[in-house]
Amino acid sequence: MRFRAKIVDLACLNHFSRIINTIAKLAKTCILRLTVCKLYFILSDKIANGGASMWCELSQGNFFDEFQMEGIAAEHNEIYLELVPENLSRALKTAQSAKAVKIKLTNKHCPCLRVAVELPSLSSSSRIVTHDIPVGVIPRRMWNDFREPSVPDFDVSIYLPVLKTMKSVVERMKNLSNFIVIEANLSGEMNLKIETDLVSVTTHFKDLGNPPWASEDGCQNSTQGRDLENMAEACIDIKKLQQLLAGQQVNPTKALCNIVRKRIVHFILLHEEVSLQYFIPAIA
């Protein structure tokens, strides 16, 4: 089992660093799944236990100048590591003006991701700062626990308003309640609501647009015969929503959410070569 990679391009490095920052805000620990073409960051708190889950996918070719890996076996050419993303985020913070960053899986006293940051120096020799980030190697028998979550049959799918606007609304609301109701319909309307014994606050968004989803047989997901004004709603933990919005450093080109009435809210943030899915279960 081997893994080594190198980033030389500064823009790629800073973009990668922002993604890791975002992940660190959403997960205390996560699984890093390495394949030949992609990296995945996975958080799978069991939805049944009320935990959120995350699936972030990026193509290695868009970030790394060199990327070599050998999985645990020829027929299972993948590596699954458990790590604390905050540690990786910290290591990359030292790399903001680096000439290159190398990442390598090592096993001196325990398995580690070694992040070697080559910094520019005035003399001819370069300075290298290394960080060893402890990781746990996930055995093959447990890999199935970290498969991509299936997208539930949703009642409504809608594009999100500008995330900065949504973030400031949610930050004001979180002082009033621990829970927030998200509701939306197929006419591009979405409401964020707080209802307590003392106060009821609603923020309305209009003309957001609804994504055209292709169904299994290739036809568009039919809205025929459905009431376009009918709101689907789910009540979720406001802190989890705030974490998602506060951690956003990726500036997605597309952001949308799918609501399964009273069951789950599924967020999808897309940015060129990165996709981040985040699932927040509804509170009964």
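Residues numbered from 1 in each chain as written. Predicted model: local features only at pLDDT ≥ 70, side-chain atom pairs only at ≥ 80, totals over all residues. Heavy atoms only, no water.

A few points about the overall build of the protein chain
Across its full length, the protein chain holds four helices and 18 strands. Against the 2.2 N^0.38 benchmark of 19 Å for 284 residues, the protein chain shows a C-alpha radius of gyration of 21 Å, consistent with a compact globule. Taken over the C-alpha atoms alone, the protein chain extends approximately 65 × 45 × 30 Å along its principal axes. Of the contacts formed within the protein chain by residues at least 6 apart in sequence, a portion of 63% connects residues at least 24 apart. With the model as given, the accessible surface of the protein chain reaches about 14700 Å², and the carbon-plus-sulfur share is 49%. (Helix = DSSP H or I, 4+ residues; strand = E, 2+ residues; numbered from the N terminus. Rg over C-alpha atoms; globule rule 2.2 N^0.38 Å. Contact = heavy atoms within 4.5 Å. Areas by Shrake-Rupley, 256 points an atom, 1.4 Å probe, with all protein chains shown as cover.)

A word on a nonpolar patch on the surface
On the surface, Met 1, Ile 72 and Val 137 cluster together into a nonpolar patch covering about 240 Å² of accessible area. Within the secondary structure layout, Met 1 lies in the segment before strand E1 (2–7). Given the relative accessible area of 43%, Met 1 is considered partly exposed. (Patch = residues over 30% accessible without salt bridge, like charges linked within 9 Å, V, L, I, M, F, W, Y side chains within 5 Å. Salt bridge = Lys/Arg side-chain N within 4 Å of Asp/Glu carboxyl O. Buried < 20%, exposed > 50% of the residue type's maximum accessible area, 1.4 Å probe, protein only.)

Describing the side chain of Glu 57
Tracing the sequence through the fold places Glu 57 in strand E4 (residues 53–59). A polar atom in the side chain of Glu 57 sits 2.7 Å from the side chain of Lys 38. Not counting the four nearest positions on each side in its chain, Glu 57 is found in contact with Lys 38, Leu 39, Tyr 40, Glu 148, Glu 273, Val 274 and Ser 275. (Polar contact = N/O pair within 3.5 Å; in protein donor to acceptor, adjacent residues only side chain to side chain.)

Notes on the domain arrangement of the protein chain
Interfaces are frequently sized by the accessible area removed from exposure as the parts join. Structurally, the protein chain comprises domain 1 (2–145) and domain 2 (156–216 + 228–281). The C-alpha centroid of domain 2 is placed 29 Å from the C-alpha centroid of domain 1. Counting residues at the interface gives 20 residues for domain 1 and 17 residues for domain 2. Looking at the side of domain 1 facing domain 2, the largest losses of area belong to Thr 22, Lys 25 and Leu 26, adding up to 29% of the total buried there. Counting across the interface, domain 1 meets domain 2 through four residue pairs in polar contact (both at pLDDT 80 or more). Residue assignment for the side of domain 1 that touches domain 2 shows that the elements contributing at least two residues are helix H1 (10–26) and E4. For the side of domain 1 that touches domain 2, a count of residues per class yields nine nonpolar, eight polar and three charged. (Domains from an automatic or database assignment. Buried area = accessible area lost by both parts, 1.4 Å probe. Nonpolar A, V, L, I, M, F, W, Y, C, P; charged D, E, K, R; others polar.)

Side note on the side chain of Glu 78
As for its position among the elements, Glu 78 is in the loop between strand E5 (66–70) and strand E6 (79–83). A polar atom in the side chain of Glu 78 sits 2.9 Å from the side chain of Arg 33. Among the polar contacts made by the side chain of Glu 78, one reaches the side chain of Tyr 80 at a distance of 3.3 Å.

Comments concerning the packing of helix H3 (residues 163–173) against helix H4 (residues 238–246)
Direction vectors running N to C along H3 and H4 enclose 145°, while the axes themselves pass 9 Å from each other. Here H3 and H4 pass one another in a crossing that is left-handed. On H4, the residues that touch Leu 163, Met 166, Lys 167, Val 170, Glu 171 and Met 173 of H3 are Ile 238, Leu 241, Gln 242, Leu 245 and Ala 246. Residue composition of the contact of H3 with H4, grouped by class: eight nonpolar, one polar and two charged. (Axes fitted to C-alpha atoms, helices over the stretch in contact; angles between N-to-C directions. Left-handed = near helix turned anticlockwise from the far one by under 90°.)

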